[in-house]
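# Architecture at a glance
Given next are the chains, with one letter for each unit.
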Amino acid sequence: MTGSEAPPSFRLAYVPGVTPTKWVRIWQERLPDIPVDLVALSAAEAPDVLRRGGADAGFVRLPIDRTELSAIPLYTETTVVVVPKDHIVTAVDEVSAEELAEEIVLHPLDEVLDWEHRPGQPAKERPATTADAIQLVAAGVGVLVVPQSLARLHHRRDLTYRPVTDAPQSQVALSWPEEKTTDMVEDFIGIVRGRTVNSSRGRRPAPAQPEEKRPDSGTARRKSAAHKPTGRSRRTGSGSGKGNRRGRPGRRS
């Protein structure tokens, strides 16, 4: 490798709310010579970046167009409503979408939930981002319904959240361009799926070792016969009554 050539790296995209730390740590333990370049993307732009080859693989939110992308669903998140800590919702353990009917429910432009009928009363304007919507919730303008990971990502001491029982949920998946399922992508799929380091599909297998040559059967038999005990032991004492020192029976003359 010349000085102008960069070492290979694995480009991993991820969307807000997804924490790839544990998978990256396992990668670094198994493939320490291949660095991981993390690419932070919004949920909306992640599929296009993967299609264009801007990342080798990425954690995305479903649904996505699978015409060119493969995807392995990983987990489904609980949906929660984010409210000020003194809000009436905090008096219960969970709420339904219908119970938010009188609330101003903020729907940011980067919303990741697929609503058939959005709950609550609409705000005059839609916030540009989830982060902006969180600021409005803290200001008492309305409430916000999001996947739990986003509520944790934008945690504030003056806000809390409660599960919404009948809201749509967001599913996180590992995705990559179908035509570019490289060895590194296969390695990462194995890590995400929990395969062990010895799994043939968990990482590239080690080169096969040459089989040790065994002696042919004739050689083995000759060697065995050469070392096979005769059943007779040499007598080291003197005056044997049954034979001479050479082990040959004595004869009377």
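Right above here is the structure, for reference.
Report follows, based on the coordinates. Keep in mind that this is a model prediction, so the values were computed, not measured. (Residues numbered from 1 in each chain as written. Predicted model: local features only at pLDDT ≥ 70, side-chain atom pairs only at ≥ 80, totals over all residues. Heavy atoms only, no water.)

### Considering unusual backbone geometry
Note the cis peptide between Leu 62 and Pro 63, where omega equals 5°. Structurally, Pro 63 can be placed in the loop between strand 3 (57-62) and strand 4 (69-76). (Helix = DSSP H or I, 4+ residues; strand = E, 2+ residues; numbered from the N terminus.)

### Topic: the packing of helix 1 (residues 21-30) against helix 5 (residues 183-192)
For the pair helix 1 and helix 5, the least separation of the axes is 10 Å and the interaxial angle reads 120°. By the angle between their directions, the pair helix 1 and helix 5 is classed as oblique. Considering only the axes of helix 1 and helix 5, their crossing is right-handed. On helix 5, the residues touching Trp 23, Ile 26, Trp 27 and Arg 30 of helix 1 are Met 184, Asp 187, Phe 188, Ile 191 and Val 192. Taken together, the residues of the contact of helix 1 with helix 5 break down into seven nonpolar, no polar and two charged. (Axes fitted to C-alpha atoms, helices over the stretch in contact; angles between N-to-C directions. Parallel < 35°, antiparallel > 145°, perpendicular 65-115°, else oblique. Left-handed = near helix turned anticlockwise from the far one by under 90°. Contact = heavy atoms within 4.5 Å. Nonpolar A, V, L, I, M, F, W, Y, C, P; charged D, E, K, R; others polar.)

### A few points about the pattern of salt bridges
This model, assessed by the stated rule, comprises six salt bridges. Between Arg 51 and Asp 48 there is a salt bridge, with the nearest N and O atoms lying 2.9 Å from each other. Here Asp 48 and Arg 51 lie together in helix 2 (residues 46-51), a separation of three residues that amounts to about one turn. Among the ionic pairs, Asp 158 bridges to Arg 156, the shortest N-O distance being 2.9 Å. Looking at Asp 158, the relative accessible area reads 33%, which means it is partly exposed. (Salt bridge = Lys/Arg side-chain N within 4 Å of Asp/Glu carboxyl O. Buried < 20%, exposed > 50% of the residue type's maximum accessible area, 1.4 Å probe, protein only.)

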